[in-house]
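One letter stands for each residue in the lines below.
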Amino acid sequence: MNDFSPVWFTTEDFITLTPNDVFHKECEQKEIFSKIKNYHCLARADYILSDEKAVLCITADDYYKLYINGRFICQGPAPSYTDSYYYNEIDITPFLNKGRNVIAVHLYYQGLVNRVWQSGDNRFGLGAVINGRNLIWKYKISNAFSGIINGYDTDFTESFDGRLWENDWNKPDFDDGEWKPMLCANTNYFFVKQPAKMLSVYTLKPKIYDRKKDRYFVDTGQEIAGGLRLKCQGHSGDEVLIRYGEELSDDGSVRYKLRANCIYEEKWILKDGENEFESYFYKGFRYVEIITENELTQLDVVVRHYPFDDSFCNPAFKDERLSKIFTLCKNTVKYATQECFIDCPTREKGQYLGDTFITAHSHMLLTGDTSLTEKAIDEFAKSSKICKGLMAVAPCSLMQEIADYSLLFGELLLLCYRFNKDKSFLKKYYSVAKNIIIHFKKYERPDGLLNQVSDKWNMVDWGENMRDNYDFPLTRPVVSKGVHTVINAYYIGAVSTLNQIERIIDMNISFDLEALKKAYIKAFMRGNLFADSEVSNHCSLHSNALSLYFDLCPDSAREEVADYIIKKGFSCGVFMSYFVMKALAKVGRKKELFDLLTNDSEHGWLNMIKEGATTCFEAWGKNQKWNTSLCHPWASAPISIILEELNDYVIPDND
C-alpha cells in the first residue's frame, strides 16, 4: 500500500533530469547515468507546532540527515528499489518548541553505480510531511565536501573546506534569505514505510595513544563503522590531514591505504576562528592519525550500526578460545550490520545474498530480531523483476549475479521461518524460490543436472586461491562447458529446500528430488567421495562438504565423507567454512567440529586473533587475499556453530 504521498522536492540541477525508469537496468540501456556526483545539499523548512503530537514521515534520494532546531535527530532511509522506496516515520514532538521550529536536512546524492544505493540515475530529492501536511523547503548546495572515489566505486573521501561551510545552517536564527526554493518534481516512486529499525548513531571518546607536536594518534580500541566529529581553532587556509585505517603500518603510522582497495586520507581546510567537522558517510576503521599543529578542542568518534542489544546473547564459556572467537564474531556482526547486511564497511558496503545467509543467521541468534532478515529477503525477492534468478547484491544500482548465491535464497527463506514461525511469510516468497529453480532448469540436461550455467558467475569459493584446487575451469564471464559438482549441489539443495517449504505450507511437491540425487551420485561419486566434475577424479573439500550439507551422500558414505572433511580441515575460504562445519554437525562429529573451530593453524579464527583482529577478516589471514577486508561478517559462522551445534558438547578437561 502506498501510504505516503508527499510532494517530491528537488533542486534546479535535477529538475529536468529525473527519469521515469523503475530499475537501473533500464537506465543503463538508455545511457542516462548521472553527470552529477557527490552532491551535498542543505535544506530548511519552518514548522509551527499546532498539534499535540507531530509525526514526521520523511525520505530522500539518496540520503538525509535530519536536524530539528539544530539538534541531530536521525538519518536514512535504508537503500531500496524505487518501486518500494522506504520512508521513515518519526515522532518529533519531544524535539519541538512552541511556535516556530526549523526542520533541517543535510541531503546527499552520490551519483555512482555501485552496491550501496539506487544512485547514478539522476534521481535526487526530498519528501516530507508532518501529520500529513507537506513542508515547503529552501535549499543551498554545499561545495564544502570534495574527494576521490574509493573502493569499488563505493563512496567518496570527505575532504572538507570549512571556509565554504554554512555555520549554524540548521538552527532557527540562521538567515536563509538568499536560499532558493526547492522545486516540485515528478517521480514514479512508490513509497512504503521502512520495515526495519533506523540506525543507532552515537559518539564515543577514543583513546589518544600518542600526541606529537604536529599530530594525534587515535585508537577506538575496536574496528567500528563510523566517522569523526572534530573542533578546533584555526586561521583561514590552515590544513588538517586526517588518515583512517584498520591497522597500523610497521613504523606505527596509520595504514590509510587499506588492503581493501580504499584510500582513507582526507584534508580539512580551516577558516578563521572556531571550526567544526563531522563525517557524513561512514568508514570501517580502528585507528586515526590527525596531522595538525592546531589544538583539537573536540575529538569524538561517531559510531553507527543497526540497533544491537549486547546483553541479549552473552553466553559464558569454559574454554577461553571459544570465548575469544565468539566475541570476535559478535563484534563483526554488530558493526558490519548497517541498514542492511553489508559485506564489509569499506570496499563494497553491499548486501550480498550469500553473505546475508550467514550473517542473518548469526544476527537472529544474537538479537532475537528477524525484521532485518525479513527485509533482506524482500529486497532480494524484488530483484527478481530484473532477473527471475535474482541479483547477487540488492537493493542497489549495480547488476551483479552469482549463481551460488541465488540458489541460497530458499535456504535463507527457510532459515528465517525457523525463527519467525510465520507460514504467511513463507507463502509470500514461495513463488520467488520456485521461480529460481525454474530459471536454472533451462541449463538442465536430460538427467536433471545443470550444464554450463552461463548467465551467472559460478563462484565456488572466494578468493580463487581458497578452492582446494577445485578441478573445473571457472572462467568468467562465461563458465566452461560441462557439469561440475558445487553448482549442482547448490541446485539440488535449492530443490530440497523448496520441497520442505511446500510441505510446510501444504503445497504439492513441484520437483523430483530423488531423481536429481541419483543423477548427482552417478555423475560425481568416486568410491565413497565426490569429485569436482563429471570427468574429474579430484575430490575437493567443497564438493564433499556441500554433498554432506545438502544430504546428497548415501548413508553408507556419510562417515567417510566426514573423515575426508576432517582431514582437509579449512582448505577453503572463510565463506565455505559455514557449510564445512554444518556438514560435520549433521553426522554428529562434535569433537572434531570443536577441534576444527578452535584450531590454531593459519586457517582459523584464532589466526585472525593472532594477527590482531577485533572483527573477523574476509580471509583467514591478512595476506591470504590481495584485497582483504578486516571486517567481514560472512566469517561469523562460529555464532551458529557454538550456539546450535556445540551447545551440548562437553569439552574434555585436557582440551
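Structure: see above.
Below is a short write-up of the structure. (Residues numbered from 1 in each chain as written. Predicted model: local features only at pLDDT ≥ 70, side-chain atom pairs only at ≥ 80, totals over all residues. Heavy atoms only, no water.)

### Examining the sheet that holds strand S15 (residues 180-181)
Next, step 1: Within the open sheet, the 6 strands sit side by side as S5-S4-S7-S2-S10-S15. Their pairing is antiparallel. Where the open sheet ends on each side, the last strands, each with one partner, are strand S5 (71-76) and S15.
Next, step 2: Examined bridge by bridge, strand S2 (residues 39-49) and strand S10 (residues 138-142) share 5 bridges and lie antiparallel to one another. Looking across to S10, one finds that Leu 42 is bridged to Lys 140. (Pairing = 2+ DSSP bridges. Helix = DSSP H or I, 4+ residues; strand = E, 2+ residues; numbered from the N terminus.)

### Some words on the pairing of strand S25 (residues 296-305)
Next, step 1: Among the 10 residues that make up S25, 9 are buried, leaving the element largely enclosed by the rest of the structure.
Next, step 2: As paired strands, strand S18 (residues 200-204) and S25 are joined by 5 bridges and run antiparallel to one another. Its bridge partner lying in S25, Tyr 202 is registered against Val 303.
Next, step 3: Where strand S20 (residues 215-234) lies against S25, 7 bridges are found, and the strand directions are antiparallel. Paired with Gly 227 across the two strands is Val 302, which belongs to S25. (Buried < 20%, exposed > 50% of the residue type's maximum accessible area, 1.4 Å probe, protein only.)

### A short note on the side chain of His 305
Next, step 1: Along the chain, the position of His 305 falls in strand S25.
Next, step 2: At 2.9 Å, the side chain of His 305 and the side chain of Tyr 202 are in polar contact.
Next, step 3: Setting aside chain neighbours within four positions, we find His 305 in contact with Leu 199, Ser 200, Tyr 202, Lys 334, Tyr 335, Thr 337 and Gln 338. (Polar contact = N/O pair within 3.5 Å; in protein donor to acceptor, adjacent residues only side chain to side chain. Contact = heavy atoms within 4.5 Å.)

### Considerations on helix H7 (residues 423-441)
Owing to its 3.6 residues per turn, the α-helix brings residues three or four apart onto one side.
Next, step 1: Here H7 spans 26 Å end to end across 19 residues, near enough to the 27 Å set by a 1.5 Å rise per residue.
Next, step 2: When H7 is considered as a whole, its buried residues turn out to be Phe 425, Leu 426, Tyr 429, Tyr 430, Val 432, Ala 433, Ile 436, Ile 437, His 439 and Phe 440.
Next, step 3: Buried residues in H7 make contact with helix H4 (371-382), helix H5 (403-406), helix H6 (409-420) and helix H8 (485-504). (Expected span 1.5 Å × (residues − 1).)

### Observations concerning the packing of aromatic side chains
The description of an aromatic ring pair uses the distance of the two centres, along with the angle that the planes make with each other.
Next, step 1: One pass over the full model with this rule turns up 52 aromatic pairs.
Next, step 2: Ring geometry for Phe 14 against Phe 124: centres 5.1 Å apart, planes inclined by 35°, an arrangement best described as tilted. Of this pair, Phe 14 sits in the loop between strand S1 (9-10) and helix H1 (24-30) while Phe 124 sits in the loop between strand S7 (99-109) and strand S8 (125-130), and the two are 110 residues apart along the sequence.
Next, step 3: Overall, the relative accessible area of 0% leaves Phe 14 in the buried class. (Phe/Tyr/Trp six-rings, centres within 6.5 Å; stacked < 30°, edge-to-face > 60°.)

### Observations concerning the environment of Asp 175
Next, step 1: Along the chain, the position of Asp 175 falls in the loop between strand S14 (159-161) and S15.
Next, step 2: Residue classification places Asp 175 among the exposed residues on the basis of a relative accessible area of 64%.
Next, step 3: Sequence separation of Asp 175 and Val 535 is 360 residues, and the distance between their C-alpha atoms is 75 Å.
Next, step 4: A polar contact of 2.9 Å, which involves the side chain of Asp 175, links it to the backbone nitrogen of Gly 177.

### A look at the side chain of Thr 628
Next, step 1: Checked against the element boundaries, Thr 628 lands in the loop between helix H14 (605-610) and helix H15 (637-645).
Next, step 2: Here Thr 628 falls in the buried class, since its relative accessible area comes to 0%.
Next, step 3: A polar contact is formed between the side chain of Thr 628 and the backbone oxygen of Lys 622, at a distance of 3.3 Å.
Next, step 4: A polar atom in the side chain of Thr 628 sits 2.8 Å from the backbone oxygen of Lys 625.
Next, step 5: Setting aside chain neighbours within four positions, we find Thr 628 in contact with Arg 259, Ala 260, Arg 347, Phe 617, Glu 618, Ala 619, Gly 621 and Lys 622.

It is worth stressing that arrangement in space is one thing and function is another; only the former is reported here.
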